[in-house]
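Each chain, written out:
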Amino acid sequence: MADTARRPEPRYGTRPTMKDVAARAGVGLKTVSRVVNGEQGVTPDTERRVQEAIDALGFRRNDSARVLRKGRTASIGLVLEDLADPFYGPLNRAVEEVARAHGALLINGSSAEDPDREQELALALCARRVDGLIVIPAGCDHRYLEPEIKAGVATVFVDRPAGRIDADAVLSDSFGGARSGTAHLIAHGHRRIGFVGDLPRIHTASERLRGYRTAMAEADLAIDDAWVSLGTTAPDRVREAVTAMLAAPEPVTAIFAGNNRVTVTAVRVLAAHHRPVALVGFDDIELADLLDPGVTVIAQDAAALGRTAAERLFHRLDGAADAPSRVVLPTRLIARGSGEIPPPADG
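Keep in mind it's a predicted model, so treat the numbers as computed, not measured.

Regarding the nonpolar core
Then, in step 1: The biggest cluster of nonpolar side chains holds 39 residues, and the ones touching the most others in it are V196, Y212, V242 and I255.
Then, in step 2: Listed by contribution, the elements that provide at least two residues to this core are helix 8 (174–187), strand 6 (193–197), helix 9 (203–218), helix 10 (235–247), strand 8 (254–257), helix 11 (260–271), strand 9 (278–282) and strand 10 (296–299).
Then, in step 3: For this core, the element with the highest residue contribution is helix 10, accounting for five residues.
Then, in step 4: Ignoring sequence-local partners within four residues, the contact set of I255 consists of L185, G194, V196, V242, M245, V277, A278, L279 and V280.

Have a look at this one:
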C-alpha cells in the first residue's frame, strides 16, 4: 500500500527572507529594507506591521551582504595552538573583548601545533573574508599569507613571531623569563638543573632554552647534555625525560619546566620521588598555589598578549601604515615554594 503520509516540512536551511517579510506585511521590499536598517520614510503603522512580520517569521538581517557592500565583514580570525590549553583561554577572551568593542565578530580555531593545519585554517578564514587575522604560529614560514596581506587582510602574530615575512608581533619575554627562573634556582644553591621544553622549532621553546643556558653560563655552571630534553609536551615523553634526569648517576636537584603542560607532568613525577626536587615552571597553572609546596612559576600575562595584539590589529584596520613592530611584554616570577627547595646536603 502506498505511503500517503505527509512528509515533514524541512526544519533547517529555510531561513525567512526580506521577500517573505514583505509578503506577510503587505509592503514592498524597499519598505522592509528601510525598517530593517533603521532608515526614515516609513509611517509608524507600516513600521509596526513590518516589525510584527519580522517577529512572527523570525527574520534576521543578512549582515554578511550588508557589510560586504561596505568592503568590510566586521569579523576577525584567531588561529590558536589549542583551544583546550588553559593558557589560551584568557588570550582568546581578551581578543574577543577588543573585537566586540570595535563591533566585530571573532572566529577562531586550533592548529594543533601543525603548520599545515595552521595554513589551512588561516587561508580558510581569509576565504571567508575576515578583515584581519591574529595568528599564534605553528610553522616557520608564513609567506603563504603575503598575498592576503597585500590584499588588505591586517595580520598580527602573537606569542611567537612570523617566519620569513615582516609582520607585527606581540610576544612575552621568554628568554628573560627563563633566565630569571633558572637564576632563581641557582640562587637557592642548585648547580645541576634540568631543562624540559617543547619542540625546538617552536620560537618560545628555543628562547626559553637560550635563557636557561645564559643563566647557567653567567653562573659558570657547565650543562650536561643529559640535563636538557626537548620534544612534545605529551605526558609520557615528559615523564620519561624527568625520570631519566632524576635517575642519572649525578641526578639533577632542580627542574625548569618550559611550559604549563610540562610543569603539570613534572609535578606528578616529583610528587612520587623519594627526595624533594626544586621546580620552576614557565606559565602559571591552575591550583599552583594550593599544592604543597606551591609551584613557583614564571607567569606571563596571556590576557595582555591578546589585548595588545587585538588593539594592534584594529590600529591597522583603522588605516595605520607604519612599519611592522615587535612588542615584548614582561614576565614575572611568582615564588610559592617549589622553586625555593634547597638541594640535598649530599648533592
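A short note on the environment of T43
Then, in step 1: Note that T43 resides in the loop between helix 2 (29–36) and helix 3 (44–57).
Then, in step 2: As for T43 and T31, which are separated by twelve residues in sequence, their C-alpha atoms are 9.9 Å apart.
Then, in step 3: Within the local environment of T43, its side chain forms a polar contact with the side chain of T46, the two groups lying 2.9 Å apart.

Section: the sheet that holds strand 7 (residues 228–230)
Then, in step 1: Spatial strand order, 7-6-8-9-10-12: six strands in an open sheet with mixed pairing. Two strands in the sheet have a free side with no partner beyond their single neighbour: strand 7 and strand 12 (332–334). In this sheet, neighbouring strand axes are inclined to one another by 15 degrees on average, regardless of whether the strands run parallel or antiparallel.
Then, in step 2: Note: strand 6 against strand 7, three bridges, orientation parallel. Within the sheet, the bridge partner assigned to G197 lies in strand 7 and is L230.

Describing the packing of aromatic side chains
Then, in step 1: Summed over all chains, the structure comprises three aromatic pairs.
Then, in step 2: Ring centres 5.1 Å apart and planes at 75 degrees place the aromatic pair F87 and Y88 in the edge-to-face group.
Then, in step 3: F87 gets classed as buried once you look at its relative accessible area, which sits at 11%.
Then, in step 4: According to the relative accessible area criterion, Y88 is buried, its value standing at 3%.
Then, in step 5: Seen from their ring centres, F195 and F256 are 5.9 Å apart, and the 5 degrees between their planes marks the pair as stacked. Here F195, found in strand 6, pairs with F256, found in strand 8; they are 61 residues apart in sequence, far enough to count as distant.
Then, in step 6: Here F256 falls in the buried class, since its relative accessible area comes to 0%.
Then, in step 7: Ring pairing ties together the aromatic residues F195, Y212 and F256, which thus form one cluster.
Then, in step 8: Between R210 and the ring centre of F175, over which it is positioned, the NZ or CZ distance is 4.0 Å.

Comments concerning the packing of helix 2 against helix 3
A pair of packed helices is characterised by two quantities: the angle between their axes and the separation of those axes.
Then, in step 1: At a minimum axis distance of 10 Å, the contact between helix 2 and helix 3 shows a crossing angle of 85 degrees. With respect to each other, helix 2 and helix 3 are oriented roughly perpendicular. For the pair helix 2 and helix 3, the contacting residues are T31, V32, V35 and V36 in the first and T46, E47, V50, Q51 and I54 in the second.
Then, in step 2: For the contact of helix 2 with helix 3, the residue count by class is five nonpolar, three polar and one charged.

Here is what the cut-offs are and how they apply
- Within each chain, residues carry numbers counting from 1 in the order of the written sequence.
- Local features in this predicted model are restricted to residues of pLDDT 70 or higher, and side-chain atom pairs are both shown and tallied only at a pLDDT of 80 or more, whereas totals for entire chains, interfaces and linings draw on every residue.
- Note: side-chain values were computed over all heavy atoms of the structure, leaving out hydrogens and water.
- To define a nonpolar core, start from buried Ala, Val, Leu, Ile, Met, Phe, Trp, Tyr and Cys residues and group those joined through side-chain atoms within 4.5 Å.
- Residue exposure (1.4 Å probe, protein chains only): buried if accessible area is under 20% of the type maximum, exposed if over 50%, otherwise partly exposed.
- Note on conventions: DSSP H or I runs of at least 4 residues are helices, E runs of at least 2 residues are strands, and numbering of each starts at the N terminus.
- Any pair of residues with heavy atoms lying within 4.5 Å of one another is described as a contacting pair.
- Polar contact is the term for a pair of N or O atoms within 3.5 Å; when the atoms are in protein, one must be able to donate a hydrogen and the other to accept it, and sequence-neighboring residues count only if both atoms are side-chain atoms.
- DSSP bridges decide pairing: two strands pair if at least two such bridges lie between them.
- A fitted line through C-alpha atoms represents every axis, and for helices the fit uses only the stretch in contact; the resulting angles, taken between N-to-C directions, go from 0 to 180 degrees.
- Stacked, tilted and edge-to-face pairs are distinguished by plane angle, under 30 degrees for stacked and over 60 for edge-to-face with tilted covering the rest, among Phe, Tyr and Trp rings (Trp via its six-membered ring) whose centres lie within 6.5 Å.
- In our convention, an over-ring charge means Lys NZ or Arg CZ found within 6 Å of a ring centre and within 35 degrees of that ring's normal.
- Note on terminology: angles under 35 degrees are roughly parallel, angles over 145 are roughly antiparallel, angles of 65 to 115 are roughly perpendicular, and the others are oblique.
- Under the grouping applied here, Gly and all other residues not named as nonpolar or charged are polar, the nonpolar ones being Ala, Val, Leu, Ile, Met, Phe, Trp, Tyr, Cys and Pro and the charged ones Asp, Glu, Lys and Arg.

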